[in-house]
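Structural overview for review
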Amino acid sequence: QVQLVESGGGLVQAGGSLRLSCAASGRTFSSYAMGWFRQAPEKEREFVAAITWSGGSTYYSDSVKGRFTISRDNAKNTVYLQMSSLKPEDTAVYYCAASPGASSSPRAYQYWGQGTQVTVSS
């Protein structure tokens, strides 16, 4: 069992930066790949980024590639999403999730956090 709690969301102007954190409970955190997803009002949840259990490989959606960076610290049971050059279209609730393997499909993820709101003003 893994419990996930996101933090770091907020209101930022376009062009600004935010860093999201996702703290995990449970001693098995390091065995899970982690992903970030987001969901805007009236839209489906979409993949943002994923990282393998070791942190050796990372994956990004085309819409955030070059602007967002996913990382993890297994000693701290935490995964991060550094977001830069933010755009109004990045506005959404951001969720972290845990999966046996890195994937862009939400269905691959077993555990989800409650989400944190990110709002980018123009």
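To be clear, the structure that these remarks concern was listed above.
Notes on the structure in this doc start here. Model, not experiment: these values are computed from the prediction. (Residues numbered from 1 in each chain as written. Predicted model: local features only at pLDDT ≥ 70, side-chain atom pairs only at ≥ 80, totals over all residues. Heavy atoms only, no water.)

Our next topic: unusual backbone geometry. If you check the backbone angles, Glu-42 has positive phi at about 65° while not being a glycine. For Glu-42, a relative accessible area of 86% puts it in the exposed group. Phi angles above zero are rare outside glycine, and Ser-85 is one such case at about 50°. (Buried < 20%, exposed > 50% of the residue type's maximum accessible area, 1.4 Å probe, protein only.)

What the rule picks out here adds up to one disulfide. Paired by a disulfide, Cys-22 and Cys-96 hold their sulfur atoms 1.9 Å apart. Classification of the bridge connecting Cys-22 and Cys-96 rests on its S-S torsion, roughly 50°, and on that basis the disulfide is right-handed. Here Cys-96 lies in strand β9 (residues 92–99) and Cys-22 lies in strand β3 (residues 18–25), a separation of 74 residues in the sequence. Like Cys-22, the residue Cys-96 is buried in the burial classification. (Disulfide = S-S within 2.5 Å. Helix = DSSP H or I, 4+ residues; strand = E, 2+ residues; numbered from the N terminus.)

All right, on to the sheet that holds strand β7 (residues 68–73) then. If you trace the four strands from one edge of the open sheet to the other, you get β1-β3-β8-β7, paired in antiparallel fashion. Since the sheet does not close on itself, it has two edges, and those belong to β1 (3–7) and β7, each with one partner. The average undirected angle you get between the axes of adjacent strands in this sheet is 15°. Where β7 lies against strand β8 (residues 78–83), six bridges are found, and the strand directions are antiparallel. Looking at β8, one finds that Ile-70 is bridged to Leu-81. (Pairing = 2+ DSSP bridges. Axes fitted to C-alpha atoms, helices over the stretch in contact; angles between N-to-C directions.)

With that settled, consider the pattern of salt bridges. Within this structure, the stated rule accounts for four salt bridges. Close ionic contact of Asp-62 with Lys-65 constitutes a salt bridge, the shortest N to O distance being 3.4 Å. Using a relative accessible area of 68% as the deciding quantity, one classes Asp-62 as exposed. Connected through salt bridges with shared partners, the residues Arg-38, Glu-46, Arg-67 and Asp-90 form a single ionic network. (Salt bridge = Lys/Arg side-chain N within 4 Å of Asp/Glu carboxyl O.)

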